[in-house]
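# A structural walkthrough
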Amino acid sequence: MTRLVILISGRGSNMEALFGANLPVEFAAVISNRADAKGLQTAAIRGIPTGVIDHKTYVDRAAFDTALMAEIDRHAPDLVVLAGFMRVLTDGFVNHYAGRLINVHPALLPSFPGLHTHERALAAGVKLHGCTVHFVTPEVDVGPIVIQAAVPVLNDDTPDTLAARVLTEEHRIFPQAIRWFAEGRMTLTAQGTVRLSPAATDTVPLVSPPLD
Ligand code: GAR
């Protein structure tokens, strides 16, 4: 069984989506950089071990990441997932988990890496926005893409309405990506892309706004 360690910083709705997806994995631990992360309670109620490594108590990023790695490795994970973990990670951390560190990002990468993705998508006037699950590499929000979901952007959208539409899709694609990993269906290519096997064959285009 694939052992999963989940890192969160807040609400933990993506973490909950994993809990509810009947995945062939064992939830080894949920770790947060914030003691007040709501998701810690959600995990504890399910009897999943939780931990807090508070970034504010470390002198620098490297010291925090070293402590975080020690806490994660205590649980011997096969896969570490960032489910709304809002810290930039050092190269040392990312390389330690190369090929077994996955993140969900609220934009269609490589568009809109970083923060405030929904505001930026609205400002750019894109007609399709969405979310991405990807392997984590040292450069922030750049690693090999596993799966993406696109949603329409509507005239009257606010950052909140758009975020809600995207979050619904995050909750669908994140568990799917973890399932594919657990089932051994993903290969990282030499070019730094992900290949799924058996391959998808659907070619239905997404058009937004829809054609008349
Ligand atoms: C999610 O929208 C996730 O994509 C985003 O934070 C939110 C966490 O919500 N992550 C990032 O922006 C990472 N750069 P959740 O705690 O309810 O899962």
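Predicted model, so just to flag it, every value in this text is computed and none were measured. (Residues numbered from 1 in each chain as written. Predicted model: local features only at pLDDT ≥ 70, side-chain atom pairs only at ≥ 80, totals over all residues. Heavy atoms only, no water.)

What follows covers the pairing of strand β5 (residues 101-105). With 5 of 5 residues buried, β5 is to be regarded as a mostly interior element. Here strand β4 (residues 79-82) runs beside β5; their pairing, made up of 3 bridges, is parallel. Note on β5: the bridge partner recorded for Val 80 is Leu 101. Of the crossover connections in this fold, the one passing from β4 over helix α4 (residues 91-96) to the parallel β5 is right-handed. Here 4 bridges tie β5 to strand β6 (residues 128-135), and the two strands are oriented antiparallel to one another. Within β6, the position partnered with Asn 103 by the bridge is His 134. (Buried < 20%, exposed > 50% of the residue type's maximum accessible area, 1.4 Å probe, protein only. Helix = DSSP H or I, 4+ residues; strand = E, 2+ residues; numbered from the N terminus. Pairing = 2+ DSSP bridges. Right-handed = clockwise from strand over helix to strand, strands pointing away.)

Time to look at the site of the ligand. Lining the immediate surroundings of the ligand are Arg 11, Gly 12, Ser 13, Asn 14, Gly 84, Met 86, Val 104, His 105, Pro 106, Leu 167 and Glu 170. The side chain of Arg 11 places a nitrogen or oxygen atom 2.5 Å from an oxygen atom of the ligand. One of the backbone N or O atoms of Gly 12 is found 2.7 Å from an oxygen atom in the ligand. Protein coverage of the free-state accessible area of the ligand, which is 450 Å², stands at 86%. Grouping the amino acids of the shell around the ligand by side-chain chemistry returns 4 nonpolar, 5 polar and 2 charged. (Near = heavy atom within 4 Å. Polar contact = N/O pair within 3.5 Å; in protein donor to acceptor, adjacent residues only side chain to side chain. Areas by Shrake-Rupley, 256 points an atom, 1.4 Å probe, with all protein chains shown as cover. Nonpolar A, V, L, I, M, F, W, Y, C, P; charged D, E, K, R; others polar.)

In short, the description is geometric, and any link to function would need to be established separately.
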